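Here is what each chain is made of, one letter per residue.
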Amino acid sequence: MKKKKTKFLCRNCGYESTGFFGKCPSCGEWNTLEEVEILPEGTSSKRAKKTVTSKKLIDVKSSSSFRVKTNIEEFNRVMGGGIVKDSISIITAKPGAGKSTLLLQVANDLAKTGHKILYASGEESENQIKNRANRIEDEISENIYVCSSNVMDDVLEEIRKIDPDMVIVDSIQTFTLRELQSRAGTPTQVMECAYKLVDIAKDQERPRMVFLVGQMTKEDELAGVRSLEHLVDTVLLIENESNEELRYLLTTKNRYGSTGEMGFFIMTERGLLSLDNPSEYFMTQRKRGEELPGSALSVIREGTRPIILEIEALCSQNFLPYPSRISENMRKEQLNTLISILEQRANLRLMDKNVVVKTTGGIKLKETASNLAVIMSIYSAAKNIAIDTATVFIADVGLTGELKSVPSLELRLKEADRLGFKRAFVAPVNINKKHFDNLEIIQCNKVSDVMEKIMQ
């Protein structure tokens, strides 16, 4: 009997070797090399041969209606305005975050508008999929077909028979091709199955929308080789804090839209509820005269969207040798820097105070536009002075205590004006104040100037 030839593939980076290493020489990860069979030439997976002719770019026809929109506005936003008809996307998240639930909601929404959907699952039975659909949907469309199999050949055959407009594969790491001898989840199986689905999506005569569900590693990254992310058009990620109902849907790659766009959802018993106006969620609704010390508002930007965000601070007496500096929503180094600016440039003594900073809704502070609001929330808490709820702070703060301008300032100010805010503290910049109906724009040079105007 002829001995089978094998090689070793790293499931993390795709590195190939003729021998086994405990540690991958390429990516440095331990125990990631797996033995796979080298198929004889002529028996390996082959891409379908097509006759291809080049065209002048100017002669290529473009369509203004190449996107398919759903009734889930937050999903449309993240996708760049809808799903591109000949695209392949992958969505990943921690177990239980809502990947399958969201895709099933999208599938049923499109099915109601006449699109034919094939939902192929290698992890759940048809009965399990039906039970989840009954839980989250009032009415299940007859245009949704389910296929419970972990063999990609079966899925491809069903695609040929049903001719769906959209294909969902849950999850790509559980599927295998019969012609390959390696087990499910290996780099060879995952990539070859993905290549088959790319051919399905990019067929010029019959383009389709394809969604893959990708498993996540314990390092919170998409499982498998990086080549899978390069292959697809869009990479979606669902993030959530432990035991929190809020879900963030964001895109880390999008060939047809803005990278970094974020959508917000609330996890309920009926599935993921689109949070179309997130500003209402990320700030406490208080009436004039009900202000409390330690709260300040800013306008941050997630992707292309401005969001009003409330930042809360608490200053308490410290009885230990070193005061605590605590925040779950910003880096500790950034918080310490802002506290140092407060002490040095605003003469506010905090070395004997514990300082805790958080955001309403738990959103992360990733940009510097909220730095002035963080400083003002700490100042408000330390001085026990409430800040008017109709005031927003939009500026970065330098080590000199000077206010710095931030990107997309006019967009942020327009959002504050639209929501009825009365005052906005910003850095000295050239801006046409006539564009704002009710918003008073107050330009200050230093953080101490802001504090003086707040005290008036």
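Residues numbered from 1 in each chain as written. Predicted model: local features only at pLDDT ≥ 70, side-chain atom pairs only at ≥ 80, totals over all residues. Heavy atoms only, no water.

Enquirer: Explain the overall build of the protein to me, please; I cannot follow it from the model alone.
Expert: Regarding its fold elements, the protein presents 10 helices and 23 strands. Based on the C-alpha atoms only, the size of the protein along its principal axes is roughly 85 × 50 × 50 Å. Looking at the protein as a whole, 48% of its 456 residues qualify as buried. Put simply, of all contacts in the protein between residues at least 6 apart along the chain, 66% involve residues at least 24 apart. As presented, the protein carries roughly 23500 Å² of accessible surface, and 46% of it is formed by carbon and sulfur atoms. In the protein, 64 positive and 63 negative side-chain charges are present, and the distance between their average locations comes to 4 Å. (Helix = DSSP H or I, 4+ residues; strand = E, 2+ residues; numbered from the N terminus. Buried < 20%, exposed > 50% of the residue type's maximum accessible area, 1.4 Å probe, protein only. Contact = heavy atoms within 4.5 Å. Areas by Shrake-Rupley, 256 points an atom, 1.4 Å probe, with all protein chains shown as cover. Lys, Arg positive; Asp, Glu negative; His and termini not counted. Charge placed at Lys NZ, Arg CZ, Asp CG, Glu CD.)

Enquirer: What exactly am I supposed to notice about the layout of surface pockets here?
Expert: Over the atoms a probe the size of a water molecule is rolled, and this reveals where empty space is left. Of the pockets and cavities examined, the second largest pocket occupies roughly 540 Å³. Taken together, 23 residues line the second largest pocket, and the ones lying closest to its centre are Arg-11, Asn-12, Thr-217, Ala-223 and Gly-224. By residue class, the composition of the lining of the second largest pocket is 7 nonpolar, 7 polar and 9 charged. (1 Å grid on protein atoms, 1.4 Å probe; cavity = no way out; pocket = protein on both sides within 12 Å on 5 of 7 lines; lining within 4 Å. Points joined across faces, edges and corners; volume = space filled by probe spheres on them. Nonpolar A, V, L, I, M, F, W, Y, C, P; charged D, E, K, R; others polar.)

Enquirer: Quick question: what am I supposed to make of the sheet that holds strand β2 (residues 16-17) here?
Expert: Pairing between the strands of a sheet comes from backbone hydrogen bonds, and it takes one of two forms, parallel or antiparallel. As summarised here, the arrangement of the 3 strands in space is β2-β1-β3, forming an open sheet in which the pairing is antiparallel. Single-partner strands in this sheet number two, and they are β2 and β3 (33-37). Across 5 bridges, strand β1 (residues 6-10) lies against β3 in antiparallel orientation. Bridge assignment links Cys-10 to a residue of β3, and that residue is Leu-33. (Pairing = 2+ DSSP bridges.)

Enquirer: Even after reading the chapter, I still don't get unusual backbone geometry, so can you show me in this structure?
Expert: Backbone geometry follows two general trends: most residues other than glycine have a negative phi, and most peptide bonds adopt the trans configuration. Asp-170 connects to Ser-171 through a cis peptide bond whose omega is -10°. Secondary-structure assignment places Ser-171 in the loop between β9 (166-170) and α5 (187-201). We note that Asp-163 has phi near 55°; this positive angle belongs to a residue other than glycine. Position of Asp-163 among the secondary structure elements: in the loop between α4 (152-162) and β9.

Enquirer: Even after reading the chapter, I still don't get the nonpolar core, so can you show me in this structure?
Expert: Generally speaking, a soluble globular protein has its nonpolar side chains buried in company with each other. Membership of the largest hydrophobic core comes to 51 residues, with the highest contact counts inside it found for Leu-372, Met-376, Ile-378 and Phe-393. Of all the secondary-structure elements, those providing two or more residues to this core are β12 (246-254), β13 (262-268), β15 (295-302), β16 (305-317), α7 (332-345), β18 (353-359), α8 (371-383) and α10 (447-455). Contact partners of Phe-393, with chain neighbours within four places excluded, come to Ala-296, Leu-297, Ser-298, Val-299, Ala-369, Leu-372, Ala-373, Met-376, Ile-387, Phe-425, Val-450 and Ile-454. (Core = buried A, V, L, I, M, F, W, Y, C linked by side-chain atoms within 4.5 Å.)

Enquirer: Hey, could you run me through the packing of helix α2 (residues 99-111) against helix α3 (residues 126-136) in this one?
Expert: A pair of packed helices is captured by two measures, namely the crossing angle of their axes and the spacing between those axes. The geometry of α2 relative to α3 is characterised by a closest axis approach of 11 Å and an angle of 70° between their N-to-C directions. Between α2 and α3, the crossing angle belongs to the class labelled roughly perpendicular. Counted together, Ser-100, Thr-101, Leu-104 and Gln-105 of α2 and Ile-129, Arg-132, Ala-133, Arg-135 and Ile-136 of α3 form the full contact between these two elements. (Axes fitted to C-alpha atoms, helices over the stretch in contact; angles between N-to-C directions. Parallel < 35°, antiparallel > 145°, perpendicular 65-115°, else oblique.)

Enquirer: Sorry if this is basic, but what is going on with the pattern of salt bridges here?
Expert: Where charged atoms of side chains with opposite charge meet at close range, the side chains can pair. Overall, the coordinates contain 22 salt bridges when judged by the stated rule. Glu-124 is the salt-bridge partner of Arg-132, the closest N and O atoms lying 2.7 Å from each other. For Arg-132, a relative accessible area of 10% translates into the label buried. For Arg-286, the salt bridge goes to Glu-310, with nearest N and O atoms at 2.9 Å. With Arg-286 in the loop between β14 (271-274) and β15 and Glu-310 in strand β16, this pair connects stretches of sequence that are 24 residues apart. A relative accessible area of 21% places Arg-286 in the partly exposed class. We classify Glu-310 as buried; its relative accessible area is 1%. Through salt bridges that share partners, Asp-163, Asp-165, Arg-206 and Arg-208 make up one connected network. (Salt bridge = Lys/Arg side-chain N within 4 Å of Asp/Glu carboxyl O.)

Enquirer: Would you take a moment to explain the state of the cysteines for this structure?
Expert: Among covalent bonds in proteins, the disulfide is the one between the sulfur atoms of two cysteines. Overall, the coordinates contain 0 disulfides when judged by the stated rule. The closest cysteine sulfur to the non-disulfide-bonded Cys-193 is located on Cys-147, 13 Å from its own sulfur. Judged by relative accessible area, which is 0%, Cys-193 ranks as buried. (Disulfide = S-S within 2.5 Å.)

Enquirer: How should I be thinking about the sheet that holds strand β10 (residues 209-214) in this particular structure?
Expert: Across the sheet, 9 strands lie side by side as β8-β7-β9-β10-β6-β11-β12-β13-β14; this open sheet has mixed pairing. With partners counted over all chains shown, the strands left at the sheet margins are β8 (144-148) and β14, one partner each. For this sheet, the mean angle separating the axes of adjacent strands, direction not counted, is 25°. As judged from the 6 bridges shared by strand β11 (residues 234-239) and β12, these two strands associate in the antiparallel manner. By the bridge assignment, Val-235 is partnered in β12 with Lys-253.

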